[in-house]
Amino acid sequence: MDDIKYGEILMPGDEETQERQEKSVRSKFWPTLRKAARYIPFSRDVVAAFYCALDPQTPTRVRGILLAALGYFVMPVDIIPDFFAVIGFSDDVAVLTLAFGMIQSHIRQEHYDAADRALANEPEAVKTA
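What counts, and where the lines are drawn
- Residues numbered from 1 in each chain as written.
- Predicted model: local features only at pLDDT ≥ 70, side-chain atom pairs only at ≥ 80, totals over all residues.
- Heavy atoms only, no water.
- Helix = DSSP H or I, 4+ residues; strand = E, 2+ residues; numbered from the N terminus.
- Buried < 20%, exposed > 50% of the residue type's maximum accessible area, 1.4 Å probe, protein only.
- Contact = heavy atoms within 4.5 Å.
- Core = buried A, V, L, I, M, F, W, Y, C linked by side-chain atoms within 4.5 Å.
- Axes fitted to C-alpha atoms, helices over the stretch in contact; angles between N-to-C directions.
- Parallel < 35°, antiparallel > 145°, perpendicular 65-115°, else oblique.
- Left-handed = near helix turned anticlockwise from the far one by under 90°.
- Nonpolar A, V, L, I, M, F, W, Y, C, P; charged D, E, K, R; others polar.
- Expected span 1.5 Å × (residues − 1).
- pLDDT = per-residue confidence, 0-100.
- Patch = residues over 30% accessible without salt bridge, like charges linked within 9 Å, V, L, I, M, F, W, Y side chains within 5 Å.
- Areas by Shrake-Rupley, 256 points an atom, 1.4 Å probe, with all protein chains shown as cover.
- Salt bridge = Lys/Arg side-chain N within 4 Å of Asp/Glu carboxyl O.
- Lys, Arg positive; Asp, Glu negative; His and termini not counted.
- Charge placed at Lys NZ, Arg CZ, Asp CG, Glu CD.
- Phe/Tyr/Trp six-rings, centres within 6.5 Å; stacked < 30°, edge-to-face > 60°.

**What to know about the overall build of the protein chain**
Then, in step 1: Secondary structure assignment for the protein chain yields seven helices and zero strands.
Then, in step 2: Going residue by residue from the N terminus, the α and β elements of the protein chain occur as α-α-α-α-α-α-α.
Then, in step 3: Burial statistics for the protein chain: of 129 residues in total, 45% are counted as buried.
Then, in step 4: For the protein chain, long-range pairs separated by at least 24 residues make up 69% of all intrachain contacts whose partners lie at least 6 apart in sequence.

What follows is the structure, encoded as structure tokens:
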């Protein structure tokens, strides 16, 4: 794991890369979160980041960083496979933590409100995704 360059994982990428990441994140986010929720102590922040990344008002660079981090989170194959309980999500947690540190001020209260609704399984929250 010494050769992992988390900064490279979080590169925002060009518009085409971001569109591809967004499509992947939209389709795989909820199933992955359901599997990982008990291993990630900040699930609310992850869901708020999801809504921030999909918000067209979020600056392009911030969206790119979030989509890259969430894309890594939903990838079926990564540095440490997620099927290893607890430790399998440790690399995902590291990438997400780094991304949050870089963009935390851009996750607004409305993103947390949407996350709270989604985590409470309110149907209208999932429709916005």
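**What about the nonpolar core?**
Then, in step 1: The biggest cluster of nonpolar side chains holds 36 residues, and the ones touching the most others in it are Phe29, Val46 and Phe73.
Then, in step 2: Elements represented by at least two residues in this core include exactly helix H2 (15-36), helix H3 (43-54), helix H4 (60-74), helix H5 (90-103) and helix H6 (109-119).
Then, in step 3: Apart from residues no more than four positions distant in its own chain, valine 46 is found in contact with Phe29, Leu33, Ile40, Leu70, Phe73, Leu96 and Phe100.

**Details of the side chain of threonine 58**
Then, in step 1: The residue threonine 58 is located in the loop between H3 and H4 in this model.
Then, in step 2: Those residues in contact with threonine 58 that lie beyond four places of it in its chain are Cys52, Arg63 and His111.

**A word on the packing of H3 against H4**
Then, in step 1: Put simply, H3 and H4 touch, their axes get as near as 9 Å, and they point 130° apart. Of the possible angle classes, the one that applies to H3 and H4 is oblique. Considering the relative orientation of H3 and H4, their crossing is left-handed. Taken together, the residues of H4 that come into contact with H3 (itself represented by Val46, Ala49, Phe50, Cys52, Ala53 and Leu54) are Arg63, Leu66, Leu67, Leu70 and Phe73.
Then, in step 2: For the contact of H3 with H4, the residue count by class is 10 nonpolar, no polar and one charged.

**Description of the environment of leucine 70**
Then, in step 1: Looking at the secondary structure, you find leucine 70 in helix H4.
Then, in step 2: Taking the relative accessible area as the measure of exposure, leucine 70 reaches 0% and is therefore buried.

**A short note on H5**
Then, in step 1: Over its 14 residues, H5 extends 20 Å from the first C-alpha to the last, a length consistent with the 20 Å expected when each residue adds 1.5 Å.
Then, in step 2: Inspection of H5 places Asp91, Asp92, Val93, Val95, Leu96, Ala99, Phe100 and Ile103 among the buried residues, and these make up the whole buried set.

**Observations concerning the confidence of the model for the protein chain**
Then, in step 1: Overall, the prediction assigns the protein chain a mean pLDDT of 77, with 71% of residues at 70 or greater.
Then, in step 2: Element-level mean pLDDT values for the protein chain span from 46 in helix H7 (residues 123-127) up to 93 in H6.
Then, in step 3: Segment residues 1-7: pLDDT under 50, and 10 contacts once partners within four positions in sequence are set aside and those in other chains are kept.
Then, in step 4: Long-range and interchain partners of residues 123-129, a stretch whose pLDDT sits below 50, account for 12 contacts in this model, where long-range means more than four residues apart.

**Thoughts on a negative patch on the surface**
Then, in step 1: A contiguous patch of negative charge on the surface is contributed by Asp14, Glu15, Glu16 and Glu19.
Then, in step 2: Its location among the elements puts aspartate 14 in the loop between helix H1 (6-9) and H2.
Then, in step 3: Judged by its relative accessible area of 46%, aspartate 14 falls in the partly exposed class.

**Observations regarding the packing of aromatic side chains**
Then, in step 1: The tally for this structure, following the rule as stated, stands at seven aromatic pairs.
Then, in step 2: Summarising the aromatic geometry, the rings of tryptophan 30 and phenylalanine 50 are spaced 5.5 Å apart at their centres and angled 75° between planes, so their arrangement reads as edge-to-face. With tryptophan 30 in helix H2 and phenylalanine 50 in helix H3, this pair connects stretches of sequence that are 20 residues apart. Each of the two residues, tryptophan 30 as well as phenylalanine 50, counts as buried.
Then, in step 3: Geometrically, the ring pair formed by phenylalanine 50 and tyrosine 51 is edge-to-face, given 5.3 Å between the ring centres and 75° between the ring planes. For the pair formed by phenylalanine 50 and tyrosine 51, the shared burial category is buried.
Then, in step 4: Aromatic rings pair up to connect Phe29, Trp30, Phe50, Tyr51 and Phe73 into one cluster.

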